[in-house]
Amino acid sequence: MKQRTLREKKLKKRIIVVSLLALLIILMTTFAGVIAPNDPYTTSASSIRMAPGAQYPFGTDNLGRCVFSRVLYGGRTTIAATFLLVFISFSIGTVIGMLCGYYGGILDQLLMRLADIMLAFPQMVVAIAVAGILNAGMSGAMVALGITMWVSFARLSRSHTFSIKKEAYIQAAFFAGKSDFYIIMVHVFPNLLAPVLTNALTQIGTTMIGLSGLSFLGLGVVPPKAEWGSMISEAKAYIQIAPWAVLFPALATIITIIVFNYLGDVVMDYMEV
Amino acid sequence: MVLLEGKNLNKCFNDKIGYTNALQDVSFTLSKGEVLGIVGESGSGKSTLLRVISGMIPPSSGSLYFKGEEYTGKKPRQTGEFLQVIFQNAKSSFDPRMTMEKAILENGRGKKDKDEILRLLELVGLEERQLSRRAGELSGGQCQRMSIARAFYSNAEILLCDEITSALDVSTQARVVELLQRLKSDGKLSAVFISHDIALVSMICDRIMVMKDGRCVEQGSTDEVIGNPKDEYTRLLIDSVKRQAI
């Protein structure tokens, strides 16, 4: 018991520290307009591929644009798109999972077989194919990743709904004359929210890799819009001359993914204690 | 006045191992203010009978009546208007995220009467401060009494008690039994009380029905069944209690 409390305390501390880091990243990208020392889209022929210095903390790229400012603005694009995509997948997947778990029957069979088909293909392969067909920039990349992303939320919420439905308090709600909608919203959803939200946290890192990956391949953000994946893709051509133009957006991607993945992991550990 | 009646109830389950006749030709009546005890060993069909009576599962054949009106095949949403189930594990019959007050109000079918809730709490021996607690913050006995208060709040006329004391320790069991006896003597209780413990049933119930292998082997007043058992199986049940007492 004492050991459990100690572990709980440790995990709580970790959650606070990692959440603060995640918040710092979100705030830095949200207030990019205030923090960024230069305009991320202004090109300058006199400052092409300049090394990091006082005026340009992360140096400049092939068109003389400030890499630091572009990393901040790019983060805004990547993080906003990631959060939006995770939120939409979470909403759609959770609703589908709850309906399948609650009603079962043909609806459950149909949707779960569809989910199995989705899982049969590697997520990135499907995303590349769909993003290529849609050719619609960042929104196309989001749709491409979203097609398979809802599945994990649906499966998780379905299995939790199954076990919640067997609880006596659901039977008690039936005897109280409550409707299916009421039971799903008041008893099922709040009781599966914690594990599904934890899954959403762990999905943030994966989604970020997916979106940056598609942008890197030219299937996401369309230049000159700043985005970490597309910045790396643009700068890889002159990596030997100006490595900072690749290094900083890559570092930003890696750090952000590590922070959000770690946050998901510690929250999951905390829930299991 | 007969409140509840079951006529020739049968329930057959068809699963992987084949057909199981969980209930075979069971009939009973429950009058107003009466407590009917159903006893039998595990697998005798007691809980299946309760699930059939409550509408959780439909009978394969036979009919159910409430005040002479047939309700066979009705689901808990409809049967909940006149009967309520007190579950074996009271804690799990409350949403872990919901306060007791909300859980009781939920059972009022739109009624919001705090005074009545407080009156019911007094009746079951609980305090107002416990209304803001969640199931995890109350003991098993407190939860069981809270579920009795919740059932009464619904204005249902019949309680179906499914092994409600088996998950409780001896002293808490005694308090719940005492509460049921008090409710019965006040004439507030019409209930079907299911238990494997014939000694406990004899303390609360007016009549006893003994079940074995899905059949009713004996039915009568508590004094009759306990004092002069006609069936061999009933005698065995009573003897086993006597042996435990020694």
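If you're wondering where the values come from, they're calculated on a predicted model, not measured in any experiment.

Caption draft 1: Just unusual backbone geometry, in detail. All names here are of chain B. Look at K67: it is not a glycine, yet its phi comes out positive at around 50°. Looking at K67, the relative accessible area reads 39%, which means it is partly exposed. Despite not being glycine, D213 has its phi angle at roughly 50°, a positive value. If you trace the backbone, D213 turns up in the loop between β9 (207–212) and β10 (215–221). Given the relative accessible area of 46%, D213 is considered partly exposed.

Caption draft 2: How the structure looks around the packing of helix α3 (residues 67–103) of chain A against helix α4 (residues 105–120) of chain A. Residues and elements named next belong to chain A. For the pair α3 and α4, the least separation of the axes is 7 Å and the interaxial angle reads 140°. By the angle between their directions, the pair α3 and α4 is classed as oblique. In this structure, the crossing between α3 and α4 has a hand that is left-handed. Between α3, through I96, L99, C100 and Y103, and α4, the contact on the second element is made entirely by G105, L107, D108, L111 and M112. Looking at the contact of α3 with α4, its residues break down into seven nonpolar, one polar and one charged.

Caption draft 3: View of the interface of chain B and chain A. In this complex, chain B contributes 21 residues to the contact, which on the side of chain A involves 20 residues. Roughly 1600 Å² is buried in total at the junction of chain B and chain A, and carbon and sulfur atoms are behind 57% of that figure. Its largest share of buried area at the contact with chain A, chain B owes to R77, D95 and E106 of chain B, together 39% of the area lost on that side. Counting every contact that joins chain B to chain A gives one salt bridge.

Caption draft 4: Geometry of the sheet that holds strand β4 (residues 61–66) of chain B. Residue and element names in this part refer to chain B. Pairing in this open sheet of four strands is antiparallel, and the strands run β2-β1-β4-β5 from one edge to the other. The open sheet has two free edges, formed respectively by β2 (18–31) and β5 (69–70), since each of these has just one partner strand. The pairing of β4 with β5 spans two bridges and is antiparallel. Residue pairing for β5: F66 is matched across the bridge by E69. Along the sheet, helix α1 (residues 46–54) makes contact with β1 (2–15), β2 and β4, crossing β2 at roughly 65°.

Caption draft 5: Structural detail: the pattern of salt bridges. Summed over the entire model, instances satisfying the criterion amount to 20 salt bridges over all chains. Taking the shortest distance from any N to any O, the salt bridge between E81 of chain B and R109 of chain B comes out at 3.7 Å. With E81 of chain B in the loop between α2 (76–79) and β6 (83–86) and R109 of chain B in the loop between α3 (100–106) and α4 (114–124), the pair connects residues that are 28 residues apart, well separated along the chain. The residue K114 of chain B makes a salt bridge to E128 of chain B at a minimum N-O spacing of 3.7 Å. With K114 of chain B in helix α4 and E128 of chain B in the loop between α4 and α5 (140–153), the pair connects residues that are 14 residues apart, well separated along the chain. Using a relative accessible area of 35% as the deciding quantity, one classes K114 of chain B as partly exposed. For E128 of chain B, a relative accessible area of 47% corresponds to the partly exposed category. It is possible to trace a salt-bridge network through shared partners that takes in D61, R65, R70 and E234 of chain A.

Parameters and conventions
- Residues numbered from 1 in each chain as written.
- Chains lettered and ligands numbered in written order.
- Predicted model: local features only at pLDDT ≥ 70, side-chain atom pairs only at ≥ 80, totals over all residues.
- Heavy atoms only, no water.
- Buried < 20%, exposed > 50% of the residue type's maximum accessible area, 1.4 Å probe, protein only.
- Helix = DSSP H or I, 4+ residues; strand = E, 2+ residues; numbered from the N terminus.
- Axes fitted to C-alpha atoms, helices over the stretch in contact; angles between N-to-C directions.
- Parallel < 35°, antiparallel > 145°, perpendicular 65-115°, else oblique.
- Left-handed = near helix turned anticlockwise from the far one by under 90°.
- Contact = heavy atoms within 4.5 Å.
- Nonpolar A, V, L, I, M, F, W, Y, C, P; charged D, E, K, R; others polar.
- Buried area = accessible area lost by both parts, 1.4 Å probe.
- Salt bridge = Lys/Arg side-chain N within 4 Å of Asp/Glu carboxyl O.
- Pairing = 2+ DSSP bridges.

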